[in-house]
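Architecture and fold: a report
What follows is the residue order along each chain.
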Amino acid sequence: MDEVLTERAGSVLHVQLNRPAKKNAMTSSMYVTLADIFNDAAQDEHIRVVLWHGAGDSFCAGNDVEDFLRNPPGPGESPQVRLMNALMDFDKPVVAAVHGAAIGGGTTMLLHCDFVYAGESAKFQMPFINLAVVPEFGSSCSVPARTGHLRAAELILLGLPFDARRAADLGLVTQVISDQDLLTAATETARTLAAKPVGALQASKRLMKAPFREQIKAAIKAEIEEFSAHVRSVDAKEALRAFLEKRPPDFNRTTKSPAAA
């Protein structure tokens with residue numbers, strides 16, 4: 001079964017994460033596939049808008065931990081970085097329909113979308129620090145820029161979950177909609193966008209992103225360096241082991257720094 005499905009409806013490309021049994025948790029191959037989809041869509045003049053959603057009861061539960069342990073991101077162009085670059089350089093509108101779990105990357109990927117419609121069931125979380133790593137997808141820059149430092153500290157340093165209404169209040173979601181009407185509303189927006197003059201539409205998105213593009217790229221580069229160090233630390237190994245063993249982590253076992261691990 002394909003882990004990512006695509007279907008074109010007119011000039012709208014539907015992209016669906018398709019691991020419902022795993023809440024659409026991302027594998028390395030899924031990152032690469034998504035990057036290729038966005039890069040190809042950028043070059044296809046018949047595609048004007050991407051509509052992104054998940055199969056089953058969730059949008060995306062973040063990284064698949066077992067796959068992540070086998071293929072931890074490192075410096076250079078990892079599968080995750082390939083998708084980050086593809087999203088950063090994508091000038092066409094991206095509309096996301098989010099229901100159920102949107103955890104870790106399932107939240108931070110959305111920061112690169114232009115419209116995010118959240119179902120009432122949506123639950124967001126950026127639990128990176130709980131896993132002894134740091135934020136990704138430029139979220140260490142974009143979240144404080146959108147919400148202010150105090151709210152960003154609450155989301156990132158505490159790593160607590162928050163619901164769709166809270167996400168909308170923070171400016172991370174365009175609109176909260178009933179789960180039943182979610183995909184219909186997102187599709188309507190995608191079709192409306194697809195009917196706009198394509199040159200002006202893409203130019204307007206570029207203009208809006210231009211003042212922040214280099215900041216986000218710099219944040220992504222810094223995050224990758226920190227992430228690749230921390231993911232190999234003793235604390236991260238304990239956190240991920242505890243996650244798989246379904247127990248609380250014990251970070252008092254070591255005081256080693258990431259560089260010493």
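Preceding block: the structure.
Definitions and cut-offs
Residues numbered from 1 in each chain as written. Predicted model: local features only at pLDDT ≥ 70, side-chain atom pairs only at ≥ 80, totals over all residues. Heavy atoms only, no water. Buried < 20%, exposed > 50% of the residue type's maximum accessible area, 1.4 Å probe, protein only. Helix = DSSP H or I, 4+ residues; strand = E, 2+ residues; numbered from the N terminus. Pairing = 2+ DSSP bridges. Axes fitted to C-alpha atoms, helices over the stretch in contact; angles between N-to-C directions. Parallel < 35°, antiparallel > 145°, perpendicular 65-115°, else oblique. Left-handed = near helix turned anticlockwise from the far one by under 90°. Contact = heavy atoms within 4.5 Å. Nonpolar A, V, L, I, M, F, W, Y, C, P; charged D, E, K, R; others polar. Salt bridge = Lys/Arg side-chain N within 4 Å of Asp/Glu carboxyl O. Phe/Tyr/Trp six-rings, centres within 6.5 Å; stacked < 30°, edge-to-face > 60°.

1. Section: the pairing of strand E6 (residues 115-119)
Where burial is concerned, most of E6 is hidden: four out of the five residues are buried. Two elements, strand E4 (residues 94-98) and E6, share four bridges in a ladder whose sense is parallel. Along E6, the bridge assignment pairs alanine 97 with tyrosine 117. Summarising the sheet, E6 and strand E9 (residues 175-177) pair through three bridges and their orientation is parallel. Bridging from a neighbouring strand, tyrosine 117 pairs with glutamine 175 of E9.

2. Structural notes on unusual backbone geometry
At asparagine 24, a residue that is not glycine, the phi angle is positive and equals roughly 60°. With respect to the helices and strands, asparagine 24 occurs in the loop between strand E2 (12-17) and helix H1 (28-43). For asparagine 24, a relative accessible area of 0% gives the class buried. Positive phi outside glycine occurs at lysine 246, with the angle close to 55°. Structurally, the position occupied by lysine 246 is in the segment after helix H10 (234-245).

3. Comments concerning the packing of helix H5 (residues 139-147) against helix H6 (residues 149-156)
It is the contact of H5 with H6, at a shortest axis distance of 7 Å, that shows an interaxial angle of 130°. Classed by the angle they form, the pair H5 and H6 counts as oblique. Seen along the crossing, H5 lies across H6 with a hand that is right-handed. Contacts between H5 and H6 involve Ser139, Val143, Pro144 and Thr147 on the former and, on the latter, His149, Arg151, Ala152, Leu155 and Ile156. Of the residues assigned to the contact of H5 with H6, the class counts are five nonpolar, three polar and one charged.

4. Points about the sheet that holds E2
Strands sit in the order E1-E2-E3-E4-E6-E9 across an open sheet of six strands; the sheet is mixed. In this open sheet, the two edge strands, each paired with only one partner strand, are strand E1 (4-9) and E9. Averaged over all pairs of adjacent strands, the angle between their axes in this sheet comes to 20°, without regard to strand direction.

5. Observations regarding the pattern of salt bridges
For the structure on display, the rule yields 16 salt bridges. Among the salt bridges present, the one from arginine 206 reaches aspartate 91, with a minimum N-O distance of 3.5 Å. Of this pair, arginine 206 sits in helix H9 (residues 198-230) while aspartate 91 sits in the loop between helix H3 (79-88) and E4, and the two are 115 residues apart along the sequence. One network of salt bridges, with partners in common, ties together Asp89, Asp91, Arg206, Arg213 and Lys217.

6. What to know about the packing of aromatic side chains
All told, the structure shown has four aromatic pairs when counted by the stated rule. Taking 5.9 Å as the distance between ring centres and 65° as the angle between the ring planes, the aromatic pair formed by tryptophan 52 and phenylalanine 59 counts as edge-to-face. The buried category is assigned to tryptophan 52, whose relative accessible area is 0%. Residues phenylalanine 124 and phenylalanine 162 carry aromatic rings whose centres are separated by 5.6 Å and whose planes lie at 20° to one another, so their mutual orientation is stacked. Pair noted here: phenylalanine 124 is in strand E7 (residues 123-125) and phenylalanine 162 is in strand E8 (residues 162-163), with a separation of 38 residues, a long-range link. The class of phenylalanine 124 is buried, set by a relative accessible area of 2%. Taken together through their ring pairs, the aromatic side chains of Phe38, Trp52, Phe59 and Phe90 make up a single cluster.

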